[in-house]
Each structure stands twice: as C-alpha cells, then as structure tokens.
Amino acid sequence: MARGARGDEVAFQALVERWERPVFAFLVRMLGSREEAQDVGQETFLRLCREAERYQPRGQFRSWLFRIAGNLARTRLRRRKIIRWVTFERSVHDRPAPGPPVGEELEREERRTLLNRALAELPARQRETLLLRHDLGMSQREIAAALGTSESAVESLLQRALGTLRRKLRSLETERAS
Amino acid sequence: MNSSHSDLPPDLLDLFAESEPSAPLRPMWPHVQARLRGDRPSPRRSWSWSWAVGSGALATAGFAIGLLFGAGNPGAGNPPASSAVEESFWGDLGSSFAEGSPFALYSLYERLESEEGS
C-alpha cells in the first residue's frame, strides 16, 4: 500500500488482483446484482488508489477497503431506492451446476437459497455486518473500523441481524412447506 | 474470530462457509488503470498547457508594450504628444489595464490618435 501511495502502478495492480474476488463477492451479496457489483468494485479500487496517500499503515487494510466498498454499496442502494434485494437466486454464485441436485445436495441447495433470500431482506447495515463477520471472517474490531462505529455497536448490530435472519428464515421455511 | 452471542448457528455457519467467493465478471485492474491514467495530466499535456499560457501572456505583454512605445514615442516625423494628451493617455491606460482588455487599450489608442490629429 505504501508503494501504491508513491504512485507504483505494479503495487496497485497486485493489490487489486489480490482483493477483487472477495470485494466482488461481498458486493454481489450486498447489491444482488453481478453487473452492479462489478461497477461498484471497480469504483472501490479506484477510490482506494486515489486515496492511498491517506491510508494509515497502523490501521487494518481490510477494514479500510471494505469501508469504501460498503459505503459505495449503500450509496448505490439508496440511489436505487431499493433497500432489499428483489431476487437472489443461485445464479449470483459461480458454483458449477453439473446437473440437477438430488437428495442431500438438493436440501442444501434449498437451504442456501433460503439463506440468500433471508439475507436479501435484511436492512443494508445489518446485512453488511453479517457479511463482514461470516463471509469475510472479520473480528468485531475490524468490523467496527470498517463501519466507523464501536465494537459494542457491532455486537448489537450482529445480534439484531441474527434475530431478523432467524425470523426471516422461519417465515420462508413455513412458506416453502405450505 | 471471537465467539459471542452474535455467532451463527452451526448449520447456517456451514452455509456461509461453503459459499465460495464469486469471480468478478471482468478483471478490474484494466478499468481502474485506465481511469487512473485519465486522472493524471500527461507531461505532454501539462507542457502544452504551460506553453499556451506562457505564449498568451507574452503576446499580451508584447501587444501592450508595442502600444506604449507607439503612443509615447511616435517616432521620427510625428510631433510629440502634448502634455494634456499624455495625461489623458496615462490616466485612461490605467483604467484600460484595470479592465484587462487589450481591445479597450486599442480603442483608447485610436481615440488618442484622432484627438491628436484634430
């Protein structure tokens, strides 16, 4: 990052190639659209390169990166005036589909779809917190830095997000069973 | 990762864990690089800007100096300007510069010439 701040393009390129995949995956789940995730991902790295001089080496790079990505994603959601995903099906993932799932795999596939739908219905801030925690495995301290809030606020956000997620999942399972 | 009340139940944790990160639709670096290069003025472009500004300033200064010498030292064969006309010239010249317009300066020069001629 320090090399990038001095205008070293090779360093920036390595940085983008190292992080584009997790940033893209995060944005797909935030926005529910691969095209928009691509746009916002590019914008994230552009912002990162432009603001490289402001980066504090003692801070967590990952928190800084996902703070930019999260802010841009929420701005995009506000612009769309849609706070929830409309659909979030299997197609947003790159998982190979060699054939129709059967048995246990079918069950897992359905649960995965339910999880994605339930996630999609969470408020953006709660969804972002859950993704940072469980998709990216960030500590609460890192999430607090990424969201610009305190660790206790993160704990509270996570608890609310999980409560909402469980309720949504129950409701979707009931809907599926009926 | 810290363990707390906010952790997912094991079944959901598995689902999160097995969701592999998607690959971007296109590599992002070429787009970012192009935008970054678009941000920075190239040496050639900055050179041409400074050249344009510098030559413009020189042309304006040359024009003004030419007018000054032309009016204040009209050359052989022309009578020197009277003191009243000189005063008027310098007074009006100041206001022309204040207006910042070479055209105003030129019209002043024409007016003074016609006054001298009459």
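Calculation rules
- Residues numbered from 1 in each chain as written.
- Chains lettered and ligands numbered in written order.
- Predicted model: local features only at pLDDT ≥ 70, side-chain atom pairs only at ≥ 80, totals over all residues.
- Heavy atoms only, no water.
- Helix = DSSP H or I, 4+ residues; strand = E, 2+ residues; numbered from the N terminus.
- Buried < 20%, exposed > 50% of the residue type's maximum accessible area, 1.4 Å probe, protein only.
- Contact = heavy atoms within 4.5 Å.
- Areas by Shrake-Rupley, 256 points an atom, 1.4 Å probe, with all protein chains shown as cover.
- Axes fitted to C-alpha atoms, helices over the stretch in contact; angles between N-to-C directions.
- Parallel < 35°, antiparallel > 145°, perpendicular 65-115°, else oblique.
- Left-handed = near helix turned anticlockwise from the far one by under 90°.
- Nonpolar A, V, L, I, M, F, W, Y, C, P; charged D, E, K, R; others polar.
- Phe/Tyr/Trp six-rings, centres within 6.5 Å; stacked < 30°, edge-to-face > 60°.
- Patch = residues over 30% accessible without salt bridge, like charges linked within 9 Å, V, L, I, M, F, W, Y side chains within 5 Å.
- Salt bridge = Lys/Arg side-chain N within 4 Å of Asp/Glu carboxyl O.
- Lys, Arg positive; Asp, Glu negative; His and termini not counted.
- Charge placed at Lys NZ, Arg CZ, Asp CG, Glu CD.
- Core = buried A, V, L, I, M, F, W, Y, C linked by side-chain atoms within 4.5 Å.
- pLDDT = per-residue confidence, 0-100.

Help me understand the overall build of chain B in this model?
Scanning chain B from N- to C-terminus turns up five helices and zero strands. For chain B, the N- to C-terminal ordering of α and β elements is α-α-α-α-α. Within chain B, the proportion of its 118 residues that are buried is 20%. In chain B, once contacts between residues fewer than 6 apart in sequence are set aside, the share between residues at least 24 apart is 52%. Total accessible area on chain B is roughly 7900 Å²; 62% of this is exposed by carbon and sulfur atoms.

Please clarify how the overall build of chain A should be interpreted in this entry.
What chain A contains, in helices and strands, is eight helices and zero strands. Reading the secondary structure of chain A in the N-to-C direction produces α-α-α-α-α-α-α-α. Considering chain A as a whole, with its 178 residues, one finds that 51% of them fall into the buried category. Pairs at least 24 apart in sequence give 70% of the contacts found in chain A among residues at least 6 apart.

Explain the packing of helix H4 (residues 61-80) of chain A against helix H6 (residues 124-135) of chain A to me, please; I cannot follow it from the model alone.
Two quantities define a packed helix pair, namely the angle between the helix axes and the distance between the axes. All names here are of chain A. In the contact formed by H4 and H6, the axes pass within 11 Å of each other and the chain directions differ by 150°. Considering the angle they form, H4 stands roughly antiparallel to H6. In the packing of H4 onto H6, the handedness of the crossing is right-handed. Only Ala124, Arg125, Arg127, Glu128 and Leu132 of H6 make contact with H4, whose side of the interface consists of Phe66, Gly70, Arg74 and Leu77. A class-by-class count of the residues in the contact of H4 with H6 yields four nonpolar, one polar and four charged.

Just to check I follow, could you spell out the environment of A:Arg74 for this structure?
Residues and elements named next belong to chain A. Mapped onto the elements of the fold, Arg74 is located in helix H4. Arg74 gets classed as buried once you look at its relative accessible area, which sits at 14%. Through-space distance from the C-alpha of Arg74 to that of Arg125 is 8.2 Å; in sequence the pair is 51 residues apart. Here Arg74 is in contact with Ala124, Arg125, Glu128 and Leu147, once residues within four sequence places are set aside.

Looking at this structure, how should I read the packing of H4(A) against helix H7 (residues 140-147) of chain A?
Residue and element names in this part refer to chain A. One can describe the packing of H4 onto H7 by two numbers: an axis separation of 7 Å at closest approach and a directional angle of 50°. Comparing their axes, H7 and H4 come out oblique. Classified by chirality, the crossing of H7 by H4 is right-handed. Counted together, Arg62, Ser63, Arg67 and Arg74 of H4 and Glu142, Ala145, Ala146 and Leu147 of H7 form the full contact between these two elements. When grouped by side-chain class, the residues that make up the contact of H4 with H7 number three nonpolar, one polar and four charged.

Sorry, what's going on with the packing of aromatic side chains here?
Aromatic ring pairs are described here by two measures, namely the spacing of the ring centres and the angle between the planes. All names here are of chain A. Overall, the coordinates contain three aromatic pairs over all chains when judged by the stated rule. Consider the rings of Phe26 and Phe66, whose centres lie 5.3 Å apart with planes at 90°: the pair is edge-to-face. Separated by 40 residues along the polypeptide, Phe26 in helix H2 (residues 9-31) and Phe66 in helix H4 bring together distant segments of the chain. Given a relative accessible area of 2%, Phe26 falls into the buried group.

Sorry if this is basic, but what is going on with a negative patch on the surface here?
Residue and element names in this part refer to chain A. Where like charges cluster on the molecular surface, the negative patch consists of Glu104, Glu105, Glu107 and Glu173. Sort the elements by how many residues they give to the negative patch and helix H5 (residues 103-120) lands first, with three residues. Position of Glu173 among the secondary structure elements: in helix H8 (residues 151-177). Judged by its relative accessible area of 37%, Glu173 is partly exposed.

Looking at this structure, how should I read H7(A)?
Residue pairs spaced three or four apart in an α-helix point in one direction, given the helix's 3.6 residues per turn. Residue and element names in this part refer to chain A. Along H7, six of the eight residues are buried, which leaves the element largely enclosed by surrounding structure. Of the residues making up H7, those classed as buried are Gln140, Glu142, Ile143, Ala144, Ala146 and Leu147. Count one or two residues on from H7 and you reach Gly148, which has phi positive near 70°.

Where do I start with the nonpolar core in this structure?
Across soluble globular proteins, nonpolar side chains have a tendency to be buried as a group. A:Phe26, A:Leu27, A:Phe45, A:Phe66, A:Leu132 and A:Leu165 are the most contacted members of the largest nonpolar core, which totals 57 residues. Counting residues per element, this core draws most heavily on H2(A), at 11 residues. Those residues in contact with A:Phe45 that sit more than four places away from it in its chain are A:Leu15, A:Val16, A:Trp19, A:Glu20, A:Val23, A:Leu65, B:Met28 and B:Val32.

Help me understand the confidence of the model for chain A, please; the structure alone is not making it clear to me.
Low pLDDT marks regions whose predicted coordinates should not be analysed in detail. The pLDDT averaged across chain A works out to 83; a share of 82% of its residues lies at or above 70. Confidence drops under a pLDDT of 50 for residues 89-94 of chain A, and excluding neighbours within four residues, the segment shows 19 contacts in the predicted structure.

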